[in-house]
Amino acid sequence: MTETLFRRMKDLPSTHLLGAGTAMCAGCGGLQALHEIYDLYGEKTVFVNAAGCMTLLSVYPFTPFRGSWLYTSMGSAPAGAQGIRDALDILLEKKRITEDEDLETVVLTGDGSAYGMGVSATSGAIDRNLDFLYICYDNEGYGNTGQQFSAGTPHAAKTSTSRGPCGYPGYKKDLFSLWAANKPAYVATVIGAEPLDLSRKIEQAKKMQGPRMIIALSPCPTGWDFEPKETAAIGKLAVKTGVWPLKEYIGGKVTHTKFPRERLPVEEYLKTQGRFTHLFSPVRTETLIGEIQQLVDRYWKAAEGA
Ligand SMILES: Cc1ncc(C[n+]2csc(CCOP(=O)(O)OP(=O)(O)O)c2C)c(N)n1
Ligand code: SF4
Ligand SMILES: [Mg+2]
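Residues numbered from 1 in each chain as written. Chains lettered and ligands numbered in written order. Predicted model: local features only at pLDDT ≥ 70, side-chain atom pairs only at ≥ 80, totals over all residues. Heavy atoms only, no water.

1. Considerations on the coordination of the magnesium ion (ligand 3)
Part 1 of the argument: Around the magnesium ion (ligand 3), the protein contributes the donor atoms Asp111 (OD), Asn139 (OD1) and Gly141 (O), which lie 2.0 to 2.2 Å from the metal centre.
Part 2 of the argument: Donor residues for the magnesium ion (ligand 3) sit on one chain with the sequence pattern D-x27-N-x1-G. A single burial state applies to Asn139 and to Gly141, both of which are buried. (Donors = N, O, S within 2.8 Å, 3.2 Å for Na, K, Ca; no water. Buried < 20%, exposed > 50% of the residue type's maximum accessible area, 1.4 Å probe, protein only.)

2. Details of the site of ligand 1
Part 1 of the argument: Within the structure, ligand 1 sits among 16 residues, and Cys53, Gly112, Tyr137, Gly143 and Asn144 are positioned closest to it.
Part 2 of the argument: One of the backbone N or O atoms of Cys53 is found 2.8 Å from an oxygen atom in ligand 1.
Part 3 of the argument: In the model, an oxygen atom of ligand 1 is placed 2.7 Å from a nitrogen or oxygen of the Tyr137 side chain.
Part 4 of the argument: Summarising the interface, the protein chains cover 74% of the accessible area of ligand 1, which totals 580 Å² for the free molecule. (Near = heavy atom within 4 Å. Polar contact = N/O pair within 3.5 Å; in protein donor to acceptor, adjacent residues only side chain to side chain. Areas by Shrake-Rupley, 256 points an atom, 1.4 Å probe, with all protein chains shown as cover.)

3. Points about the site of ligand 2
Part 1 of the argument: Neighbouring ligand 2 are the residues Met24, Cys25, Cys28, Cys53, Asn139, Cys220, Pro221 and Thr222.
Part 2 of the argument: Split into classes, the residues belonging to the shell around ligand 2 amount to six nonpolar, two polar and no charged. (Nonpolar A, V, L, I, M, F, W, Y, C, P; charged D, E, K, R; others polar.)

4. Points about the packing of aromatic side chains
The description of two aromatic rings rests on the distance between their centres and on the angle between their planes.
Part 1 of the argument: Considering all chains together, one arrives at 10 aromatic pairs under this definition.
Part 2 of the argument: On the numbers, 5.6 Å between centres and 80 degrees between planes, the contact of Tyr38 with Phe65 is edge-to-face. Pair noted here: Tyr38 is in helix H2 (residues 29-41) and Phe65 is in the loop between strand E1 (45-50) and strand E2 (68-72), with a separation of 27 residues, a long-range link. We note that Tyr38, like Phe65, is buried.
Part 3 of the argument: The ring of Phe176 has Lys247 sitting right over it, with the charged end atom 4.4 Å from the ring centre.
Part 4 of the argument: The aromatic ring of Trp224 is capped on one face by Arg275, whose charged end is 3.8 Å from the ring centroid. (Phe/Tyr/Trp six-rings, centres within 6.5 Å; stacked < 30°, edge-to-face > 60°. Helix = DSSP H or I, 4+ residues; strand = E, 2+ residues; numbered from the N terminus. Lys NZ or Arg CZ within 6 Å of the ring centre and 35° of its normal.)

5. Concerning the nonpolar core
Part 1 of the argument: Core analysis: the largest hydrophobic core is formed by 51 residues, its most contacted members being Tyr134, Trp179, Ile215, Tyr269, Leu270 and Leu279.
Part 2 of the argument: Broken down by element, the residue count for this core peaks at six residues, all from helix H11 (residues 286-305).
Part 3 of the argument: In contact with Leu270, other than residues within four places in its own chain, are Phe276, Leu279, Phe280 and Ile292.
Part 4 of the argument: Residues Val190, Leu198, Ile202 and Ile214 belong to the second largest nonpolar core, which totals 26 residues. (Core = buried A, V, L, I, M, F, W, Y, C linked by side-chain atoms within 4.5 Å. Contact = heavy atoms within 4.5 Å.)

6. Comments concerning the pairing of strand E3 (residues 104-110)
Working note: regular strand, side chains alternate between the two faces of the sheet.
Part 1 of the argument: The buried fraction of E3 amounts to six of the seven residues, a majority that puts the element mostly inside the structure.
Part 2 of the argument: Here E1 pairs with E3 via five bridges, running parallel. Bridging across to E3, Asn49 finds its partner in Leu108.
Part 3 of the argument: When E3 meets strand E4 (residues 132-138), the two strands line up parallel, connected through five bridges. (Pairing = 2+ DSSP bridges.)

7. Description of the environment of Trp300
Part 1 of the argument: Within the secondary structure, Trp300 sits in helix H11.
Part 2 of the argument: In sequence terms Trp300 and Lys258 are 42 residues apart; their C-alpha atoms lie 12 Å from each other.
Part 3 of the argument: Those residues in contact with Trp300 that lie beyond four places of it in its chain are Gly242, Pro245, His256, Lys258, Phe259, Pro260 and Arg263.

8. Some words on helix H3 (residues 77-93)
Part 1 of the argument: Given a rise of 1.5 Å per residue, 17 residues ought to cover 24 Å, and the 24 Å separating the end C-alpha atoms of H3 matches this to within 8%.
Part 2 of the argument: Among the residues making up H3, those that are buried are Ala77, Pro78, Gly80, Ala81, Gln82, Ile84, Arg85, Leu88 and Leu92.
Part 3 of the argument: Packed against the buried residues of H3 are E1, E2, E3, helix H5 (119-127) and E4.
Part 4 of the argument: Within two residues after H3, Lys95 carries a phi angle of roughly 60 degrees, on the positive side. (Expected span 1.5 Å × (residues − 1).)

On their own, these measurements won't tell you what the molecule is for.
See the structure below:
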């Protein structure tokens, strides 16, 4: 039976591979973004995957990734990627593989790793100018273990470890700027609900060498509490309200790739998710809604003035 399953997975076209026969939630926004990226990046890749939801894609001895796949602890995926890149370079030098058989090294981690435990290993990898693509699917919490808050959790969101009346008291870390400050070749934010913007950025990253980083906001029906069919609509609202700026960094310059000229009020986005219900019910919490709106307004005022 396992043999049949393996054959079935192998026979599927690559565009339908990710998610086949796995335990991912319906409507997973992280998987949507990964699908789109994988379609463009292709099978000649080694995925170095830190512990998190996406590690459920591979259930030993099977994996939907056609190239290769390595599982690492939460903090060490970029270090694992260095080992893979070095091994491939040695094989190339010894002519044990041809240029055509070389593989792209791709790190895949959640926000728990990217915004927290993995920052040190990522900084080291950028310092060593490691030639790799780093994808962070950002579902704004430790999704795999029950949506505890992470450094990517937005202000006031309820998580399993911030259940009080005001939700998470902290503020989402600015990972884009943190990465850009390390001067890698490329940094971009994307979202699966904007596939044209995403594909242009992945094509751009593909043309470059050195450290290239992608942060994909990943609407998460399970952790954010919404119906799986709403994933794309919520992703679009994240962009239209200005909550998730789409931008890229190349050679010291940051460019916004989509300017929400007529921004919708943030509450249009907040209202769609159970993690923000306490802002509207049983009574409307004007202070918190106002604070979130102010954060977004301040961001775009600075961006427009830049
Ligand atoms: C050092 C360490 N602490 C805790 C865990 C348990 N753990 C496995 S996955 C996970 C959540 C990871 O969160 P994130 O990186 O955001 O990925 P997501 O689960 O949201 O996909 C945790 C805490 C671990 N694997 N390693
Ligand atoms: S918990 Fe969220 S990120 Fe994890 S598989 Fe489910 S929908 Fe995707
Ligand atoms: Mg996460």
